[in-house]
Amino acid sequence: MVSISTNISSGKNGAKGGMNYKGALALLTSLFFMWGFLTCMNDILIPHLKGLFDLSITQAMLVQFTFFGAYFLMSLPAGWIIGKIGYKMGIVTGLTIAGIGAAMFFPAANFLSYGFFLFALFVLASGIVVLQVAANPYVAELGTPETASSRLNLTQGFNSLGTTVAPIFGAWLILDNTATDNVGKAEAVQMPYVGLALALIVIAVIFAFVKLPRIQDAEEEKAEGSAWKFRHLVLGAIGIFTYVGAEVAIGSALVMYFGDEGLHLFGEAEAATYVSVFWGGAMVGRFIGSAVMQKISAAKVLAFNSVMVVALILISMMTSGYVALWSIVLVGLFNSIMFPTIFTLAIDGLGKHTSQGSGILCLAIVGGAVVPMIMGMLADSFGLANSFVVAILCYAYILYYALKGHKH
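Residues numbered from 1 in each chain as written. Predicted model: local features only at pLDDT ≥ 70, side-chain atom pairs only at ≥ 80, totals over all residues. Heavy atoms only, no water.

### Some remarks on the pattern of salt bridges
Inference 1: The full count for this structure, using the stated rule, is 1 salt bridge.
Inference 2: Put simply, Lys50 and Glu261 hold a salt bridge, and the shortest N to O gap is 3.4 Å. With Lys50 in helix 1 (residues 18–53) and Glu261 in the loop between helix 10 (231–258) and helix 11 (268–292), this residue pair connects regions lying 211 residues apart in the sequence.
Inference 3: Classification of Lys50 by relative accessible area gives buried; the value is 18%. (Salt bridge = Lys/Arg side-chain N within 4 Å of Asp/Glu carboxyl O. Helix = DSSP H or I, 4+ residues; strand = E, 2+ residues; numbered from the N terminus. Buried < 20%, exposed > 50% of the residue type's maximum accessible area, 1.4 Å probe, protein only.)

Quick look at the structure:
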């Protein structure tokens, strides 16, 4: 058995256990990469399944509705499960469930059923929910509270590496498929997702045999009362809802926006390259943000990025061609630090309520189900570019949270 560390408590002994924390963080980055990769594969599935099953934009957005709907249904149970079995076994359980969901894409393609695909996505997402509820607060606790945002941004940078690679991978194996019949198009998703299922199970086995540091305050002590009493946590949950909803809605729309539904610039496979650039910007931004927030407060950085995103979306809505393309792609760069920053601001000062607070914040990720559906309905009625106004409203709320809402 590989031993990364012995007992530690609540991240308060960071100076003593720095090397041990680094070992644990290095291993945990694989989780952030994998769920970023799996989540961003949805951006490839949406246009592929839209063509395969002849769907409207609203119907195609059911991919995200189902995937992120799992966060609403499973986040609180996941928090309860982790409270019972601990962070380590929570990670193993999440990886196993996600692996089963990925494997279910094989029979879904055989049955040529959109409903089966959606069910497989729900199972896959349920596993990722368990991973998120366990890993995000775990990383936040592995060190001093002052650098929690910086640390989570660093690991989220590897999450963005997964989201950057996924569109290229998906375009190559799925969108570039030359099959002309529906059976062939459906089968294009089988091998990629079977491969992902095997990778998830292998990682689960590795975590099962690795001894991770223990966070005693979070795992062993019982909290009295409820985390819902913390105003900055509740407002932070709304911030997570709006951020994830806006990011997912934009990312899901890019292939269609650059193609026949908007700017008429590319086919699907080439458009996917720019989706990769969008998520690559988020990766670069998170590494930059991790360094910047060592010197500048997380709230100030969040406020600045919110203003920049609103400006870029407005430019894309009011222009055309490559100006519209690059302005919306650059949104990814400024999106970068938002999730981990909102998350750490929201759980700051929760103490023994941190585990429950994490579950509440992951519950709010259901914004990724709701906002894309709203944007899809507007896009079907008023055009894809005009539907981006929904994202602008979301980022306006995040600006409020950065300026005022995060304060205890």
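### What to know about the confidence of the model for the protein chain
Inference 1: Looking at the protein chain, pLDDT values average 85 and 88% of them are 70 or higher.
Inference 2: Mean pLDDT per element in the protein chain: strand 1 (residues 2–3) is the minimum at 33, and helix 18 (residues 389–405) is the maximum at 97.
Inference 3: Contacts for the low-pLDDT stretch residues 1–19, under 50 throughout, to residues beyond four places or in other chains number 41 contacts.
Inference 4: Contacts from residues 217–221, a stretch scored under 50 in pLDDT, to residues over four places away or in other chains number 10 contacts. (pLDDT = per-residue confidence, 0-100. Contact = heavy atoms within 4.5 Å.)

### A word on the packing of helix 3 (residues 62–103) against helix 16 (residues 354–363)
Inference 1: Packing of helix 3 against helix 16 leaves a shortest axis separation of 8 Å and a crossing angle of 155°. Considering the angle they form, helix 3 stands roughly antiparallel to helix 16. In this structure, the crossing between helix 3 and helix 16 has a hand that is right-handed. The residues of helix 16 that touch helix 3, namely those facing Tyr71, Phe72, Ser75, Leu76, Gly79 and Tyr87, are Ser355, Gly359, Ile360, Cys362 and Leu363.
Inference 2: Class assignment for the residues of the contact of helix 3 with helix 16 results in 7 nonpolar, 4 polar and no charged. (Axes fitted to C-alpha atoms, helices over the stretch in contact; angles between N-to-C directions. Parallel < 35°, antiparallel > 145°, perpendicular 65-115°, else oblique. Left-handed = near helix turned anticlockwise from the far one by under 90°. Nonpolar A, V, L, I, M, F, W, Y, C, P; charged D, E, K, R; others polar.)

### So, a nonpolar patch on the surface
Inference 1: Together, Leu154, Phe158, Leu161, Val165 and Phe287 give the surface a local cluster of nonpolar side chains, amounting to about 350 Å² of exposed area.
Inference 2: When residues in the nonpolar patch are grouped by element, the largest group, 4 residues, is from helix 6 (residues 148–175).
Inference 3: Inspection of the secondary structure puts Phe287 in helix 11.
Inference 4: Take Phe287: its relative accessible area is 35%, and that puts it in the partly exposed class. (Patch = residues over 30% accessible without salt bridge, like charges linked within 9 Å, V, L, I, M, F, W, Y side chains within 5 Å. Areas by Shrake-Rupley, 256 points an atom, 1.4 Å probe, with all protein chains shown as cover.)

### Comments concerning the packing of aromatic side chains
Inference 1: A complete count under the given rule lists 20 aromatic pairs for this structure.
Inference 2: Arranged with centres 5.0 Å apart and planes meeting at 85°, the rings of Tyr257 and Phe388 form a pair that is edge-to-face. One end of the pair, Tyr257, is in helix 10; the other, Phe388, is in the loop between helix 17 (367–382) and helix 18, with 131 residues separating them in the sequence.
Inference 3: The exposure class assigned to Tyr257 is buried, which follows from its relative accessible area of 1%.
Inference 4: Classification of Phe388 as buried rests on a relative accessible area of 0%.
Inference 5: Here a set of aromatic residues connected by ring pairs shows up, and it is made of Tyr257, Phe258, Phe266, Tyr274, Tyr322, Trp326 and Phe388. (Phe/Tyr/Trp six-rings, centres within 6.5 Å; stacked < 30°, edge-to-face > 60°.)

### Considerations on the environment of Pro192
Inference 1: Summarising the element assignment, Pro192 is placed in helix 8 (residues 190–208).
Inference 2: Pro192 sits 90 residues away from Ala102 along the chain, and the two C-alpha atoms are 9.1 Å apart.
Inference 3: Not counting residues up to four positions away in its chain, the partners in contact with Pro192 are Phe169, Leu173 and Ile174.

### Description of unusual backbone geometry
Inference 1: Even without glycine at this site, Asp54 takes up a positive phi of about 55°.
Inference 2: Structurally, Asp54 can be placed in the loop between helix 1 and helix 2 (57–60).
Inference 3: Look at Asp54 and you get exposed, because its relative accessible area is 68%.

### Here we look at the packing of helix 3 against helix 17
Geometry of a packed helix pair, given as the angle between the helix axes and the separation of the axes.
Inference 1: It is at 7 Å that the axes of helix 3 and helix 17 come closest, and there the two elements cross at 160°. In this view, helix 3 runs roughly antiparallel relative to helix 17, as classed from their interaxial angle. Between helix 3 and helix 17 lies a crossing of left-handed hand. Note on element contacts: helix 17 touches helix 3 through Gly368, Ala369, Pro372 and Met373, opposite Leu62, Gln64, Phe65, Phe68 and Gly69.
Inference 2: Broken down by class, the residue content of the contact of helix 3 with helix 17 amounts to 6 nonpolar, 3 polar and no charged.

### Concerning helix 3
Inference 1: Helix length check: helix 3, at 42 residues, gives a terminal C-alpha distance of 20 Å against a target of 62 Å (1.5 Å per residue), a shortfall beyond 12%.
Inference 2: When the local axis directions of helix 3 are compared, the greatest deviation, roughly 120°, occurs at Gly86. (Expected span 1.5 Å × (residues − 1). Bend = angle between axes of the 7 residues up to and from the residue.)

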